[in-house]
Structures are given as C-alpha cells and as structure tokens.
Amino acid sequence: MRTRSFRGRAVCLIAALTACAALTTTQAQAQAAPAQHGITPATKFYVDPHSKAAKQALVDFRNGDTDNAANMARLASWPQAEWFTEGTPDEVRVKADRLVSRARAVRRTPVLVAYNIPGRDCTQYSSGGAADSAAYRQWIDAFAAGIGDRSAVVVVEPDGAALLPKDCGPTTDPTGERTAARVADLAYAVKTLKARPHTAVYLDSGNVQWRSVGDMAQRLLDAGVEYGDGFALNVSNTHPTDHNTRYGTWIAKCLWFATDGPEQARGHTDRCASQYYSSAAPNDGTPGNSVSSADPATWRWTDAWFDQNVGTPPADRLRHFVIDTSRNGLGAWTPEPGKYSGDPEIWCNAPGRGLGPRPSADTGVPLVDAYLWIKIPGESDGSCTRNTGGTIDPEYGIVDPPAGTWWPDQAHALARNAAPRLTFNH
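On a predicted model such as this, the values are computed, not experimentally measured, just so you know.

1. Some thoughts on the overall build of the protein
Here is step 1: When you go through the protein residue by residue, the secondary structure sums to 10 helices and 7 strands.
Here is step 2: For 426 residues, the compact-globule estimate of 2.2 N^0.38 gives 22 Å, and the protein sits close to it at 22 Å.
Here is step 3: By its C-alpha atoms, the protein is 75 × 50 × 40 Å across when sized along the principal axes.
Here is step 4: Burial status across the protein gives 53% buried among its 426 residues.
Here is step 5: Summing over all exposed atoms, the protein offers an accessible surface of approximately 18300 Å²; the carbon and sulfur share of this is 51%.

This is the structure in structure tokens:
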C-alpha cells in the first residue's frame, strides 16, 4: 500500500513538473499578448521553467520527500522576478536580452530587478554595487539595451531611495555628495529604462514600517518617480498587503498634493499625514487618539487628514504602485517580548512566514498595478544575527546563508505556510 501510494504521488509530481515547464507555452496559446504600454489587468507575467524552486522540486523528489517536492513544484509554477546584481555592461545586456527573449517567445512579460547602485545596502548583508556613478550608468544603459523594445517590468533598486548614503551613519556622507549622486543615479535609471518603448518602471520606496509618507514621497520626487510608472513597496519584506496598500495610497496622494495640489501645498510633502502622525488626530495622549504605526486602527486619522486636505484627486494624476507579496502571507514577524536587547532585524529571514497573495496584475485595487513575487521565495536575506554579537542566527540555530543564496528549508517553510494555500498556477 505504501509503495503504491508513493508511486502514485511520484507520477502526479512528475506530471506537475512537466506541466510547470510547459506552463508559459500552453498559456501563451490561450492568452492575448502582454500590454504594450505598462501593466494592465490582462498582463501575464513570465514563469521561468528552470527556476530554483523547480530544481528543488527534483532534488526533493529524488530524496523521497514528495510533500516538499510537490510544494516546490507548485511554487515553481508562479512567476517570480529575476534580479540583476552585478556584471559588466556586456554581461548584463546579454542576460537581460536572454530573459526578455524567452518571455517574448511565450508572450509573457518578465519582471526584472535592477540592483547594482553604488554603495548598495550601506555595506550590510547585501552590500555591493557598481564602482561609481559612471560605471552604474553604463550598466543601466546596457541593461536597457538588453530589454530593447520587448515588454518588461523593472523594479529599480530596492532600498535605493529609502536607504540613502546619508542614512548609513554620521560619517558616511558628511558633505552630502554621495546622497546627491545616489538620487541622480536613480533618476537616470528610471529615465533610461522608461525610454524603452514597452518597459514599465517602478522605483522602490521601502515599506509601510519604514519612512514616513512625506519623507518617502519627497525621496521619490527627488529620484525621478515622475519619469516612470510609479513605485514599488514591501520588496523583500513581510508586512501585510493591506497595510502597504494604504501606505502606497497615501504616498500617491501626497505626491499629487505636493506637485499638483493647492498652491500652498506645492513642494510640501512634509505636510502630509503619515503612519506615524496626523494633525487630524486629537493627539491628546488618550489611547487611539493619535496615530501609531503599530496600530492600523489609528490610521483612520491619517485617512481623515487626506480626506480633509487632499480630497479625491483625478485618478489619472495619481502614481500607481506594485507590492511584493512573496513572503507576507502571515504578516510581519514579531519576536517574543524581551527576547532581544538590540534590533531583532524583523525583516531579515523572518521565521515562520508564508507566501502571500499570488502574482497577478488583476488586483481589483485601482492604484495597485500588480502583486508580484519580487524577492525570490527561498533566497536568504543574509547571515542575520539579531544583533546578538555572534554569528549564529538564534531563530534558526545556524549561520544563515549569505544574501541571495538559495535556502531550501526557508523555501519549504514559505510554501508550507502560504496564505492563501499554495496551489498550481493554471
């Protein structure tokens, strides 16, 4: 009985992996071609039939682990972003061309991430990037050339605007030159990529628990968000989709308020209410009467400020955004109270998380162009230590793999804990 069950599951798994590898081809025959000018609800994203999850499914199957193998096959059937983090201009051009060519052959739109800005990640877990602005711009030129006139979605530089050189510490950018160069490089990337005829471009803008609405809106304006299609939220993070949707909507309205709004508002993103403060709240010290980023119930005061001061801007004047839902199915991780005396790094390889809403351009939310799996589920954030002073991650009892390294145990957990439950993409 056990042998028959194993054989039956093996046959089903092999069939599923075969279907996964052929997914984009079969779907392409039934679906219209991707939209030619950005994302629409009909846009279908490219699935790499040779993804890390697909390879892990085969490894698990060979090891007799059919439960995890089936989950990895399900995971592999869904579209995920391709990250571009290094390489010479020639190398990135060839890599981008190869990806968009494969996607075009099956009439799909690939999602690419440009992640090579100089001084990336403040020399932390994902440090690196181009040597300087000149090298970066040559790299971006080649990246754009590789995309050419094919359809693509590009997320520009995760953390690039939310973590500027001036934020890295008091001695990192004392003159402000590095920050100015970063902002100019981001604007160059957005302009250059958007100059391609069928490329949708979203400039990364952190997440709901990071920069205040006004601060992030100003950073986006400085970094050229107006030249692209909008901005990206929650990349490589776990905050709930609905929280990021509210945050993104506030940013979109704040951008309008400070550029096209009342005369007295022009240039004043700093006046926008946020997830931390709203002048519409009583702010009298009574619980619930002031805005708390940790209590979304108090965000009604932020909504009230935008209702009172921004109203309903023209829909076609508001910037759209995309949300990374690759790990936010169960929301953000909260460590046990008192467990860590320093920063617990809740964003870093958060334990017990699950895949979130499936990648789709049909979100039903007017300003949300797509839910995307931008962070590749199963890739490590780095060797997190929770600021304990050692090398071990106390949440896992091991030294976590370096940033970007495939981590089978994490991939298995994300798939197992998926909310909604993980199914095959048909």
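That covers the picture; the talk isn't over yet.
2. Focus on the packing of helix α7 (residues 213-222) against helix α8 (residues 241-259)
Here is step 1: At a minimum axis distance of 9 Å, the contact between α7 and α8 shows a crossing angle of 65 degrees. Like other packed secondary-structure pairs, α7 and α8 cross with a definite hand, here right-handed. For the pair α7 and α8, contact is made by V213, G214, M216, A217, L220 and L221 and by Y247, W250, I251, C254, L255 and T259, respectively.
Here is step 2: For the contact of α7 with α8, a count of residues per class yields 10 nonpolar, 2 polar and no charged.

3. Details of α7
Here is step 1: By the burial criterion, the buried members of α7 are V213, G214, M216, A217, R219 and L220.
Here is step 2: Looking at the buried side of α7, the elements it contacts are β4 (199-204), β5 (230-233), α8 and α9 (300-309).
Here is step 3: Following α7 by one or two positions, G224 adopts a phi angle in the positive range, close to 85 degrees.

4. As for the packing of aromatic side chains
Here is step 1: Considering all chains together, one arrives at 10 aromatic pairs under this definition.
Here is step 2: Ring geometry for W250 against W299: centres 5.5 Å apart, planes inclined by 75 degrees, an arrangement best described as edge-to-face. Pair noted here: W250 is in helix α8 and W299 is in the loop between α8 and α9, with a separation of 49 residues, a long-range link. Summarising the burial analysis for this pair, W250 and W299 share the class buried.
Here is step 3: Look at W305 and F306: their rings are 4.9 Å apart centre to centre, the planes differ by 85 degrees, and that puts the pair in the edge-to-face class.
Here is step 4: An aromatic cluster is present here, built from F84, Y136, W139 and F143 joined pairwise through their rings.
Here is step 5: The cationic tip of K95 hangs over the ring face of F84; the distance from NZ or CZ to the ring centre is 4.6 Å.
Here is step 6: Here R120 stacks its cationic end above the ring of Y115, 4.5 Å away from the centre of that ring.

5. Observations concerning the nonpolar core
Here is step 1: Among the nonpolar cores identified, the biggest contains 63 residues, and L112, F143, V156, I251 and F306 are the most heavily contacted of them.
Here is step 2: When residues of this core are assigned to their parent elements, the largest contribution, 8 residues, is made by α8.
Here is step 3: Non-local contacts of I251, meaning those with residues more than four positions away in its chain, are made with V213, M216, A217, L220 and F231.
Here is step 4: Among the nonpolar cores identified, the runner-up in size contains 35 residues, and V322, W373, I374 and L414 belong to it.

6. With respect to the side chain of S380
Here is step 1: Within the fold, S380 resides in the loop between β7 (368-372) and α10 (408-416).
Here is step 2: At 3.2 Å, the side chain of S380 and the side chain of N349 are in polar contact.
Here is step 3: Residues within four places of S380 in sequence aside, it is in contact with N349, K375, D400, P401, P402, A403, G404, T405, W407 and Q410.

7. Considerations on the confidence of the model for the protein
Here is step 1: When the pLDDT values of the protein are averaged, the result is 92; 91% of them are 70 or greater.
Here is step 2: Low pLDDT, under 50, characterises residues 22-36; the stretch is placed with 29 contacts to residues that sit more than four places away or in other chains.

8. Brief notes about helix α6 (residues 177-194)
Here is step 1: An ideal rise of 1.5 Å per residue puts 26 Å on 18 residues; α6 measures up with 26 Å between its terminal C-alpha atoms.
Here is step 2: Within the span of α6, buried status applies to T179, R182, V183, D185, L186, A187, A189, V190, T192 and L193.
Here is step 3: The inward-facing, buried residues of α6 contact α5 (133-147), β3 (152-156), β4 and α7.

9. Some details on the packing of α8 against α9
Here is step 1: Packing of α8 against α9 brings their axes to within 11 Å, and their N-to-C directions diverge by 25 degrees. Between α8 and α9, the crossing angle belongs to the class labelled roughly parallel. Read as a crossing pair, α8 and α9 show a hand that is left-handed. Residues R246, W250, K253, C254 and F257 of α8 form the contact with α9, whose own contacting residues are R300, T302, D303, W305, F306 and N309.
Here is step 2: In the contact of α8 with α9, the residues fall into 5 nonpolar, 2 polar and 4 charged.

10. Considerations on the state of the cysteines
Here is step 1: A complete count under the given rule lists 3 disulfides for this structure.
Here is step 2: C254 shares a disulfide with C272; S-S distance 2.2 Å. In this structure, the disulfide formed by C254 and C272 twists by about 95 degrees around the S-S bond and is classed as right-handed. Highlighted residues: C254 in helix α8 and C272 in the loop between α8 and α9, separated in sequence by 18 residues. We note that C254, like C272, is buried.

Parameters and conventions
Residues numbered from 1 in each chain as written. Predicted model: local features only at pLDDT ≥ 70, side-chain atom pairs only at ≥ 80, totals over all residues. Heavy atoms only, no water. Helix = DSSP H or I, 4+ residues; strand = E, 2+ residues; numbered from the N terminus. Rg over C-alpha atoms; globule rule 2.2 N^0.38 Å. Buried < 20%, exposed > 50% of the residue type's maximum accessible area, 1.4 Å probe, protein only. Areas by Shrake-Rupley, 256 points an atom, 1.4 Å probe, with all protein chains shown as cover. Axes fitted to C-alpha atoms, helices over the stretch in contact; angles between N-to-C directions. Left-handed = near helix turned anticlockwise from the far one by under 90°. Contact = heavy atoms within 4.5 Å. Nonpolar A, V, L, I, M, F, W, Y, C, P; charged D, E, K, R; others polar. Phe/Tyr/Trp six-rings, centres within 6.5 Å; stacked < 30°, edge-to-face > 60°. Lys NZ or Arg CZ within 6 Å of the ring centre and 35° of its normal. Core = buried A, V, L, I, M, F, W, Y, C linked by side-chain atoms within 4.5 Å. Polar contact = N/O pair within 3.5 Å; in protein donor to acceptor, adjacent residues only side chain to side chain. pLDDT = per-residue confidence, 0-100. Expected span 1.5 Å × (residues − 1). Parallel < 35°, antiparallel > 145°, perpendicular 65-115°, else oblique. Disulfide = S-S within 2.5 Å.

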